[in-house]
Amino acid sequence: MGKPDALPRQNRGFNVVSIFAFLLLAILIPLDWYLGLTEIAIVLLVTEGMLLVMYILSRYRGLYQMGLQVYMAWSYLLITFVFLYNGGSDGPALYFFLLSYQLIIVFASERLQPAGMVLHLIFPVGLLVLEYINPSIVMAGYEAESGRLMDLVTSLPIIVISIFLTTRYLRRAYDRERAAAEARAKLIEHQSERIKNQNRLLQEANREKLGLISILGHDLRNPLNAITGTLEILSKEVLPPGQERELKEDLLIAARSTSDLLNNVLSWVLAQINGI
């Protein structure tokens, strides 16, 4: 049927429906043969081969749209043939238009869907009008009334089951894609929330850095002003030896304090760079 990452959903769905149709014909062919509808059984056998070719083209070449167009054209010819050779409106041919219409509406492109709808209105009505105008054009096809009853009794459940399986597969595929989309939406929401938290933490860190810079500016300005003032006094005035020695000691203390403060700042900056 194809991997999800290799083929689109419609392509995979068409492959599944091709398998359903293949199995459907595998049941109808021996049944029609048993009922004496040899011509119809042969046509269905040819259709079985066409379905196999369309599945291979869709599964391994990705040409499901081309296969769908071939299916549309062949389904009209096939159902018309079955209608004419299988009792007309008394047979099950018209019911198969419902099944083919469902497949076309589900898998055909938007450009082909209106054409499929119009053709599925024209063909059944045209066949019924043709049968009404010229009943002799329709072959009875059945050797006995019991054969017609058996054909209807077996065809209707097959059509209903095929529609059910096709719809169920498409519904499950839709639910899986919706669940995947919701999971992606939750992941995006989680990532967005994480980005917001990171931005908030970054803003808080920036505020802390600005506050630290303001404090450092204040703490560095006072000792630097003291050092500058002491150096100006020592360079411009002649002081007694004791007072000069005291000023030099104060200058040394202020310089060491400023050096320690700068070392602490550099250690903090290095820790921020390393993520500590």
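The numbering scheme is per chain: residues are counted from 1 as the chain's sequence reads. Local features in a predicted model are, by the rule used here, given only for residues with pLDDT of at least 70; side-chain atom pairs are given and counted only at 80 or more, and totals for whole chains, interfaces and linings are based on all residues. To obtain the side-chain values, all non-hydrogen atoms of the structure were used and water was disregarded.

A. Main features of the overall build of the protein. Secondary structure assignment for the protein yields 7 helices and 0 strands. A run of H or I in DSSP becomes a helix once it reaches four residues, and a run of E becomes a strand once it reaches two; helices and strands are each numbered from the N terminus. Along the protein, helices and strands appear, N-terminal first, in the series α-α-α-α-α-α-α. Only protein chains enter the accessibility calculation, which uses a 1.4 Å probe; a residue whose area is less than 20% of its type maximum is buried, one above 50% is exposed, and one in between is partly exposed. Each of the 276 residues in the protein was classed as buried or not, and the buried ones make up 31%. Taking contacts inside the protein between residues at least 6 apart in sequence as the whole, the part at least 24 apart equals 71%. The Shrake-Rupley method, run with a 1.4 Å probe sphere, supplies the accessible areas, and residue values consider only the shown protein chains as cover. Working note: accessible area of the protein is about 17,700 Å², and carbon and sulfur atoms make up 65% of it. Should any heavy atoms of two residues lie within 4.5 Å, those residues are counted as being in contact.

B. Spotlight on helix 5 (residues 113–133). Here the expected length of a helix is defined as 1.5 Å per residue gap, with one fewer gap than residues. An ideal rise of 1.5 Å per residue puts 30 Å on 21 residues; helix 5 measures up with 30 Å between its terminal C-alpha atoms. Within the sequence span of helix 5, burial applies to Gly116, His120, Pro124, Leu127 and Glu131. Around the axis of helix 5, the buried residues are gathered within 65° of arc, so they sit on the same side. Helix 5 presents Leu121, Val125, Tyr132 and Ile133 as exposed residues on the side facing more than 90 degrees away from its buried surface. When we speak of the arc, we mean the arc of directions from the helix axis to the C-beta atoms.

C. Layout of the pattern of salt bridges. Salt bridges are defined as contacts in which a side-chain nitrogen from Lys or Arg sits within 4 Å of a carboxyl oxygen from Asp or Glu. Taken as a whole and assessed by the stated rule, the structure comprises 2 salt bridges. Between Arg178 and Asp175 there is a salt bridge, with the nearest N and O atoms lying 3.7 Å from each other. With Arg178 and Asp175 both in helix 6 (residues 145–236), this residue pair falls 3 residues apart, about one helical turn. Under the relative-accessibility criterion, Asp175 is labelled partly exposed at 27%. Where Arg200 meets Glu204, a salt bridge forms, and the shortest distance between an N and an O atom there is 3.3 Å. In this pair, Arg200 and Glu204 both sit in helix 6, 4 residues apart, roughly one turn of the helix. Judged by relative accessible area, Glu204 falls into the partly exposed class, the value being 28%.

D. Looking closely at the side chain of Thr80. Examined against the element boundaries, Thr80 turns out to sit in helix 3 (residues 64–85). The exposure class assigned to Thr80 is buried, which follows from its relative accessible area of 17%. For Thr80, the residues in contact, after removing those within four places along its chain, are Phe123 and Leu127.

E. Up close: the nonpolar core. Ranked by size, the top nonpolar core spans 38 residues in total, and within it Leu28 and Leu44 carry the most contacts. Taken together, the elements giving at least two residues each to this core come down to helix 1 (9–34), helix 2 (38–61), helix 3, helix 4 (93–107) and helix 6. A total of 9 residues in this core trace back to one element, the largest contributor, which is helix 3. We call a set of buried residues a nonpolar core when its members are Ala, Val, Leu, Ile, Met, Phe, Trp, Tyr or Cys and they connect through side-chain atoms within 4.5 Å of each other.

F. A look at a nonpolar patch on the surface. A cluster of nonpolar residues, Ile19, Phe22, Leu23, Leu52, Ile56 and Tyr60, forms a patch on the protein surface that exposes about 560 Å² of accessible area. Secondary-structure elements contributing two or more residues to the nonpolar patch are helix 1 and helix 2. Relative to the helices and strands, Ile56 is located in helix 2. Look at Ile56 and you get partly exposed, because its relative accessible area is 40%. Patch membership requires more than 30% relative accessible area and the absence of a salt bridge. Residues of like charge join within 9 Å; the nonpolar side chains Val, Leu, Ile, Met, Phe, Trp and Tyr join within 5 Å.

G. Here's a closer look at the environment of Ile40. Inspection of the secondary structure puts Ile40 in helix 2. For Ile40, a relative accessible area of 2% puts it in the buried group. The sequence separation of Ile40 and Ile29 amounts to 11 residues, and the corresponding C-alpha distance is 8.0 Å. Once you skip the residues sitting within four places of it in the chain, Ile40 turns out to touch Asp32, Phe81, Val82, Tyr85 and Asn86.

H. Molecular detail of the packing of helix 4 against helix 5. Fitting a line to C-alpha atoms yields each axis, with helices limited to the stretch in contact; the angle taken between N-to-C directions then spans 0 to 180 degrees. Between helix 4 and helix 5, the shortest axis-to-axis distance is 10 Å and the interhelical angle comes to 175°. Comparing the axis directions of helix 4 and helix 5 gives the class roughly antiparallel. Note on element contacts: helix 5 touches helix 4 through Gln113, Gly116, Met117, His120, Phe123, Pro124, Leu127 and Leu128, opposite Leu94, Phe97, Ser100, Tyr101, Ile104 and Ile105. In terms of residue class, the contact of helix 4 with helix 5 is made up of 10 nonpolar, 4 polar and no charged. Roughly parallel means an angle under 35 degrees; roughly antiparallel, over 145; roughly perpendicular, 65 to 115; everything else is oblique. Think of it as three bins: nonpolar holds Ala, Val, Leu, Ile, Met, Phe, Trp, Tyr, Cys and Pro, charged holds Asp, Glu, Lys and Arg, and polar takes everything else, Gly as well.

I. Main features of the confidence of the model for the protein. The pLDDT value tells you how sure the predictor is about a given residue, anywhere from 0 up to 100. Per-residue confidence for the protein averages 76 on the pLDDT scale, and 86% of its residues sit at or above 70. Per-element averaging of pLDDT across the protein places helix 1 at the bottom with 73 and helix 5 at the top with 85. Predicted confidence is poor over residues 1–5, with pLDDT under 50, and the contacts of this stretch with residues over four places away or in other chains come to 12 contacts.

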